[in-house]
Amino acid sequence: MARSIWKGPFVDAYVLKKAEAAREANRNEVIKIWSRRSTILPQFVGLTFGVYNGQKHVPVNVTEDMIGQKFGEYSPTRTYYGHAADKKAKRK
Amino acid sequence: MARIAGVNIPTAKRVPIALQYIHGIGPAVADKICEAVKIDATRRVNELSDAEVLAIREYIDANVTVEGDLRREVTMNIKRLMDLGCYRGLRHRRNLPVRGQRTHTNARTRKGPAKAIAGKKK
């Protein structure tokens, strides 16, 4: 079920703070965040976030199309190298 | 023969049914069109006058995305997701289910026919 509109978009407070600071400093550094659950807001466009995937911070350059989605969608948590059987079949 | 929205020529069927032969028109939209142009749902396509067919055609042109335009819109949306590098886009790229379904078993619609794995069994 979708989130109620009257609540507004969910963003962890520290993400907002960090984004604000980066905007003011005008430096284009990667902002490290762990909050994969935060919504991408319009004021984040143009900033680069390092979204944690459980192992490292994946750099995500926020564009206009990403607004409304969550940071976690841009930082995959699983690496899939295929099945062993597939490789065996290919070698033959 | 009635041609509406390009290539579609369904006749001898009731209007709301015949309209559903057009890609992008289902039961709900078909009923809505009939209501908007004031054609009784029990009438058949070959009973319609030229003016009525024209009215339907104009209504569809103005209000509904159908056929090629709709297909293009859908592929554009998928392409946008793929270019974005988001999770949904990655799933589209790999031809796997996009909406969080299980892939341990099933998911055959997206994955295609099952491939036999050598040396499985027992």
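Residues numbered from 1 in each chain as written. Chains lettered and ligands numbered in written order. Predicted model: local features only at pLDDT ≥ 70, side-chain atom pairs only at ≥ 80, totals over all residues. Heavy atoms only, no water.

### Side note on the confidence of the model for chain B
Low-confidence regions, as indicated by low pLDDT, have predicted coordinates that should not be scrutinised in detail. Looking at chain B as a whole, its pLDDT mean stands at 86, while 95% of the residues score no less than 70. Overall fold confidence (pTM) sits at 0.74, and the ipTM for the predicted complex is 0.73. (pLDDT = per-residue confidence, 0-100.)

### Things to note about the packing of helix H4 (residues 67-84) of chain B against helix H5 (residues 87-94) of chain B
Residues and elements named next belong to chain B. One can describe the packing of H4 onto H5 by two numbers: an axis separation of 7 Å at closest approach and a directional angle of 110°. In terms of orientation, H4 lies roughly perpendicular with respect to H5. Contact residues: H4 offers Ile78, Leu81 and Met82, while H5 offers Arg88, Gly89, His92 and Arg93. Of the residues in the contact of H4 with H5, the class split is 3 nonpolar, 2 polar and 2 charged. (Axes fitted to C-alpha atoms, helices over the stretch in contact; angles between N-to-C directions. Helix = DSSP H or I, 4+ residues; strand = E, 2+ residues; numbered from the N terminus. Parallel < 35°, antiparallel > 145°, perpendicular 65-115°, else oblique. Contact = heavy atoms within 4.5 Å. Nonpolar A, V, L, I, M, F, W, Y, C, P; charged D, E, K, R; others polar.)

### Notes on the pattern of salt bridges
Tallying each qualifying case throughout the model produces 5 salt bridges over all chains. Note that Asp12(A) is salt-bridged to Arg37(A), the shortest N-O span being 2.9 Å. Of the two residues, Asp12(A) sits in the segment before helix H1 (13-25) while Arg37(A) sits in the loop between strand E1 (30-33) and strand E2 (48-52), which places them 25 residues apart along the sequence. A relative accessible area of 12% places Asp12(A) in the buried class. For Arg37(A), a relative accessible area of 54% translates into the label exposed. Across the pair Lys79(B) and Asp83(B) runs a salt bridge whose closest N-O atoms are separated by 3.2 Å. One end of the pair is Lys79(B) and the other is Asp83(B), both in helix H4 and 4 residues apart, which spans about a single turn. Residue Lys79(B) is classed as partly exposed on the basis of its relative accessible area, which comes to 43%. (Salt bridge = Lys/Arg side-chain N within 4 Å of Asp/Glu carboxyl O. Buried < 20%, exposed > 50% of the residue type's maximum accessible area, 1.4 Å probe, protein only.)

### Concerning the nonpolar core
One finds Val15(A), Ile33(A), Ile40(A), Phe44(A), Phe49(A), Phe71(A) and Tyr74(A) to be the most contacted residues of the largest nonpolar core, which totals 20 residues. Only H1, E1 and E2 of chain A together with H4 of chain B provide two or more residues apiece to this core. With 3 residues, H1(A) is the single largest residue contributor to this core. Setting aside residues up to four positions removed in sequence, Val15(A) forms contacts with Ile33(A), Ser35(A), Ser38(A), Phe44(A), Phe49(A) and Phe71(A). Grouped together as the second largest cluster of nonpolar side chains are 17 residues, Ala30(B), Ile39(B), Tyr59(B) and Val66(B) included. (Core = buried A, V, L, I, M, F, W, Y, C linked by side-chain atoms within 4.5 Å.)

### Some points on the side chain of His92(B)
Take His92(B): it is sitting in helix H5. Setting aside anything within four residues of it in sequence, one finds His92(B) in contact with Ile78(B), Leu81(B), Met82(B), Val98(B) and Arg110(B).

### As for the environment of Val66(B)
All names here are of chain B. By the element assignment, Val66 lies in the loop between helix H3 (50-63) and H4. Taking the C-alpha atoms as reference points, Val66 and Thr105, separated by 39 residues in sequence, lie 35 Å from one another. Excluding residues within four positions of it along the chain, Val66 makes contact with Ala5, Ile22, His23, Gly24, Ile25 and Ile60.

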